Amino acid sequence: MGSEERNTAAPGSDAEPPPLYRDVDATQRNERLLDTMDATASWAAVRELRSWCEPAITAGDSLLDVGCGLAEESIRLATRHPALAVTGLDVSSEMIAMAQQRASGRSTAIELRVGDATALPFDDHEFDAVRSERMLQWLDQPESALHEMVRVAAPGGTIALIDTDWRTFVTSVGDGTAEQMLGGPSPTSSAGGRLRSWAHAAGLVNIESHAAVHHTHRVLGDGTDGLIPFDQFIELHTARGHAREAVEHYIAELRRHSADGTLSLSLTMWAVTATVPERARTD
């Protein structure tokens, strides 16, 4: 889930937003971001989308996982498919180090390395399949990363993308104004809903898509159960020009409704699989 560029502050705001997943190594208390990543990976919606993509990306001999984060899915796929050579790449050296610890001692064909999703350190057509999960939403130029994924995939190979559409974030708290105000964690927070169009623009064919909804009635008090940790959430949206008091009030209401059992929260995620044509577009 790594990225290469930091967010910029909203017009009219002098504060710089915390980098969060855009630059995990530069984020204070980044161990809480890593806890959040683990929690999100356990969502039923994430597991459903991963399972939906799995047959398409494990049919060949090699797989690249771009923005692999803590590499839990890279490790799982390598374990389930011993003949599949899996490479995980992320811009965060800290996440790759932790992923290497998790992969150590396993008899799996997996390589983990640090690298930039928008300038992949691989040759053209090197992998039979390329996947990316919950990463494009953190990039200022997600189409450039997809261009690179197409470049390193073999003709006839598979591209699989999973991402969140934060426009669909809905809770039972308030009248919906807060969701519109908060919007999502990045300028490309609608990434999940744009995957299909991005795949088409990249020249991919045989495009298929699938949606899954994460829903819950409770959130942890610090938000590390799959959302952005709430203290960093507050800092992010305050830096983007929203009133701190309003953001803090919204988070307090989320906690209160969660505690008394009246909270409803849902968020839609999308997956797309597509085929690299025999003559892939690389310009």
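Preceding this paragraph is the structure being described.
Just so it is clear, the structure is predicted and the values come from calculations on it, not from any experiment.

## Quick notes on the overall build of the chain
A tally of helices and strands in the chain yields nine helices and seven strands. Per-residue burial for the chain yields a buried fraction of 54% across its 283 residues. Partitioning the intrachain contacts of the chain with sequence separation of at least 6 by distance along the chain shows that 77% fall at a separation of at least 24.

## Some words on the nonpolar core
Ranked by internal contacts, the top residues of the largest apolar core, which has 42 residues, are Leu63, Phe169, Leu227, Ile251 and Leu254. Broken down by secondary-structure element, the contributors of at least two residues to this core are α1 (30-41), α2 (44-57), α3 (72-80), β5 (153-171), α8 (230-239), α9 (244-259) and β7 (265-275). For this core, the leading source of residues is α2, giving five residues. Counting residues in hydrophobic clusters, the runner-up holds 29 residues, among them Phe127, Leu136, Trp198 and Ile207.

## Some details on the sheet that holds strand β6 (residues 205-216)
Here we have seven strands laid out as an open sheet, ordered β3-β2-β1-β4-β5-β7-β6, and mixed in their pairing. Both outer strands of the open sheet, β3 (110-114) and β6, are each paired with one neighbouring strand and no more. Geometrically, the sheet is characterised by an average inter-axis angle of 15° between neighbouring strands, direction not taken into account. Sheet strands touched by helix α5 (residues 142-152): β1 (62-66), β4 (127-133) and β5. Its angle to β5, the strand with the most contacts, is close to 155°.

What counts and what doesn't
Residues numbered from 1 in each chain as written. Predicted model: local features only at pLDDT ≥ 70, side-chain atom pairs only at ≥ 80, totals over all residues. Heavy atoms only, no water. Helix = DSSP H or I, 4+ residues; strand = E, 2+ residues; numbered from the N terminus. Buried < 20%, exposed > 50% of the residue type's maximum accessible area, 1.4 Å probe, protein only. Contact = heavy atoms within 4.5 Å. Core = buried A, V, L, I, M, F, W, Y, C linked by side-chain atoms within 4.5 Å. Pairing = 2+ DSSP bridges. Axes fitted to C-alpha atoms, helices over the stretch in contact; angles between N-to-C directions.

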